[in-house]
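Geometric and topological summary
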Amino acid sequence: MKIEKTITYFTKPGKENTRDCAEIAVQRAKELGLSTIVAASSEGYTAKILFEALQGTGLHLVIVTHAVGFSTPGVWEFDPALAEELRSLGVTVICGTHALSGLERAISRNPRLGGSSRTEVVAEAFRRTVGIGMKVAVECVLIAADQGAIPLSEEVVALGGTIEGADTVVVIRPAHTAGFFDLQVREFVAMPRDR
């Protein structure tokens, strides 16, 4: 048996693909009968667009933000007022340590230790061979699973992007970070063709 599905290719990565990704994600979730969309949003731009796109769909939105201190020690980049508003409207907003770097980045950035870690090699392989948005989407699903925000028993539609916004949509069977090799990217739905 074979299944044919449509894949959208964007001519370039970036924020300008976010609205299209939101529409594509909702459509694929409905086609597959899935209940959850997981997306990265560092400051809130992507979260707002996805929230609008999900209105009236019955789909649950899980937003994964950068960890506190990602860019500036002690600072959460995501707009706290927006996080509170989204949570009051039923959106799950989580902030977690990056599953594909976290503590390992402290080792690789340390001049006394240096060198890449195995985890960062996995992340770089995603970035270079498939795309940054793919790495982000996978990482957000790992973080969401680790925080109990999504069940492992149901596939999710996941969105990631390159620097800002969303430019990648995939369907993933989730796993916890400790069970990384149980995670499966089941469908490529949208992605930049030239990265």
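Owing to the predicted nature of the structure, the values given are computational and were not obtained by experimental measurement.

About the thresholds
- Residues numbered from 1 in each chain as written.
- Predicted model: local features only at pLDDT ≥ 70, side-chain atom pairs only at ≥ 80, totals over all residues.
- Heavy atoms only, no water.
- Salt bridge = Lys/Arg side-chain N within 4 Å of Asp/Glu carboxyl O.
- Helix = DSSP H or I, 4+ residues; strand = E, 2+ residues; numbered from the N terminus.
- Buried < 20%, exposed > 50% of the residue type's maximum accessible area, 1.4 Å probe, protein only.
- Patch = residues over 30% accessible without salt bridge, like charges linked within 9 Å, V, L, I, M, F, W, Y side chains within 5 Å.
- Areas by Shrake-Rupley, 256 points an atom, 1.4 Å probe, with all protein chains shown as cover.
- Core = buried A, V, L, I, M, F, W, Y, C linked by side-chain atoms within 4.5 Å.
- Contact = heavy atoms within 4.5 Å.
- Phe/Tyr/Trp six-rings, centres within 6.5 Å; stacked < 30°, edge-to-face > 60°.
- Lys NZ or Arg CZ within 6 Å of the ring centre and 35° of its normal.
- Disulfide = S-S within 2.5 Å.
- Pairing = 2+ DSSP bridges.
- Axes fitted to C-alpha atoms, helices over the stretch in contact; angles between N-to-C directions.

**A short note on the pattern of salt bridges**
- The full count for this structure, using the stated rule, is 10 salt bridges.
- For the salt bridge of Glu-187 with Lys-5, the shortest nitrogen-to-oxygen distance reads 3.1 Å. Of the two residues, Glu-187 sits in strand β7 (residues 184-192) while Lys-5 sits in the segment before β1 (8-10), which places them 182 residues apart along the sequence.
- Take Lys-5: its relative accessible area is 36%, and that puts it in the partly exposed class.
- The shortest N-O distance in the salt bridge between Glu-164 and Lys-15 comes to 3.5 Å.

**Section: a nonpolar patch on the surface**
- Taken together, Ile-7, Tyr-9 and Phe-188 make up a surface patch of nonpolar side chains, about 280 Å² in accessible area.
- Topologically, Phe-188 is positioned in strand β7.
- The exposure class of Phe-188 is partly exposed, given its relative accessible area of 35%.

**Notes on the nonpolar core**
- By size, the foremost hydrophobic cluster in this structure holds 31 residues, and its most contacted members are Ile-37, Val-157 and Leu-159.
- Where this core is concerned, the elements lending two or more residues are α1 (18-32), β2 (36-40), α2 (45-54), β3 (60-65), α3 (80-88), β5 (156-162), β6 (164-173) and β7.
- The greatest single-element share of this core, amounting to six residues, is contributed by α1.
- Beyond its immediate sequence surroundings of up to four residues, Val-157 is in contact with Ala-25, Ala-29, Leu-34, Thr-36, Ile-37, Val-38, Val-169, Val-170 and Val-171.
- Counting residues in each nonpolar core, the second largest holds 29 residues, with Ala-137, Val-138, Leu-142 and Ala-145 among its members.

**Thoughts on the packing of aromatic side chains**
- Counted according to the given criterion, the structure contains three aromatic pairs.
- One aromatic cluster in this structure is built from Phe-126, Phe-180 and Phe-181.
- Over the face of the ring belonging to Tyr-45 we find Lys-15, whose NZ or CZ atom lies 4.3 Å from the ring centre.

**So, the state of the cysteines**
- Counted according to the given criterion, the structure contains zero disulfides.
- Free cysteine Cys-21: the closest other cysteine sulfur is in Cys-140, separated by 13 Å.
- Free of any disulfide, Cys-140 has its nearest neighbouring cysteine sulfur in Cys-95, separated by 11 Å.

**Re the sheet that holds β5**
- Spatially, the seven strands line up as an open sheet ordered β1-β7-β6-β5-β2-β3-β4, and their pairing is mixed. Both edges of this open sheet fall to β1 and β4 (92-95), since each of them pairs with a single strand only. For this sheet the average axis-to-axis angle between neighbouring strands, irrespective of direction, equals 25 degrees.
- Relative to β7, β1 runs parallel, the two being bridged by three bridges. From the neighbouring strand, Thr-8 faces β7, where its bridge partner is Ala-190.
- α1 contacts β1, β2, β5, β6 and β7 of the sheet and is inclined by roughly 15 degrees relative to β6.
- Strands in contact with helix α6 (residues 132-146) are β2, β3, β4, β5, β6 and β7; relative to β5, the strand with the most contacts, it is inclined by about 130 degrees.

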